[in-house]
Amino acid sequence: MSTALRTSDLAKLIGAELLGPGDVIVDRIETLELAQPGALTFIRSHRFAKMWPASKAAAAVISRDIPLAS
């Protein structure tokens, strides 16, 4: 059974600051390399942050001290 959440609801649930639209739907968790649309992923290092622009993930939880590559 899958539970879908809007990014605004997810941010509120985990006490995170939301950067970007709050109406994006995420319904699963995947690694950054394998993430497809609808997936939530995690970025916890500079190495993974550099991979974000090529990711297909819908959203990511990112450590505050990690700048995103543009």
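Residues numbered from 1 in each chain as written. Predicted model: local features only at pLDDT ≥ 70, side-chain atom pairs only at ≥ 80, totals over all residues. Heavy atoms only, no water.

Enquirer: When you look at the layout of surface pockets in this model, what are you seeing that I'm missing?
Expert: Unfilled space is identified by rolling a water-sized probe across the atoms. Of the pockets and cavities examined, the largest pocket occupies roughly 620 Å³. Along the wall of the largest pocket there are 23 residues; nearest its centre are Glu 17, Leu 18, Leu 19, Ala 60 and Ile 62. Elements that contribute at least two residues to the lining of the largest pocket include exactly helix 1 (7–14) and strand 5 (59–62). Residues belonging to the lining of the largest pocket are distributed by class as follows: 18 nonpolar, 3 polar and 2 charged. (1 Å grid on protein atoms, 1.4 Å probe; cavity = no way out; pocket = protein on both sides within 12 Å on 5 of 7 lines; lining within 4 Å. Points joined across faces, edges and corners; volume = space filled by probe spheres on them. Helix = DSSP H or I, 4+ residues; strand = E, 2+ residues; numbered from the N terminus. Nonpolar A, V, L, I, M, F, W, Y, C, P; charged D, E, K, R; others polar.)

Enquirer: Please explain the side chain of Ser 55 as it appears in this structure.
Expert: Take Ser 55: it is sitting in the loop between helix 2 (46–49) and strand 5. Classification of Ser 55 by relative accessible area gives buried; the value is 18%. Setting aside residues no more than four positions away along its own chain, Ser 55 makes contact with Leu 32 and Ala 35. (Buried < 20%, exposed > 50% of the residue type's maximum accessible area, 1.4 Å probe, protein only. Contact = heavy atoms within 4.5 Å.)

Enquirer: Can you walk me through the sheet that holds strand 5 in this structure?
Expert: Strand pairing in a sheet relies on backbone hydrogen bonds. The paired strands run either parallel or antiparallel. Reading across from one edge, 3-4-5 is the order of the 3 strands in this open sheet, with parallel pairing throughout. The outermost strands of the open sheet, each flanked by one partner alone, are strand 3 (28–29) and strand 5. Across 4 bridges, the pairing between strand 4 (residues 39–43) and strand 5 is parallel. In the strand pairing of strand 5, Phe 42 is matched with Val 61. (Pairing = 2+ DSSP bridges.)

Enquirer: For this particular structure, what's the right way to read the side chain of Thr 41?
Expert: Position of Thr 41 among the secondary structure elements: in strand 4. The exposure class assigned to Thr 41 is buried, which follows from its relative accessible area of 1%. Looking at Thr 41, its side chain comes within polar contact range of the main-chain oxygen of Glu 30, at 2.9 Å. Once residues within four sequence positions are removed from consideration, Thr 41 is found in contact with Glu 30, Thr 31, Leu 32, Trp 52, Ala 57, Ala 59, Ala 60 and Val 61. (Polar contact = N/O pair within 3.5 Å; in protein donor to acceptor, adjacent residues only side chain to side chain.)

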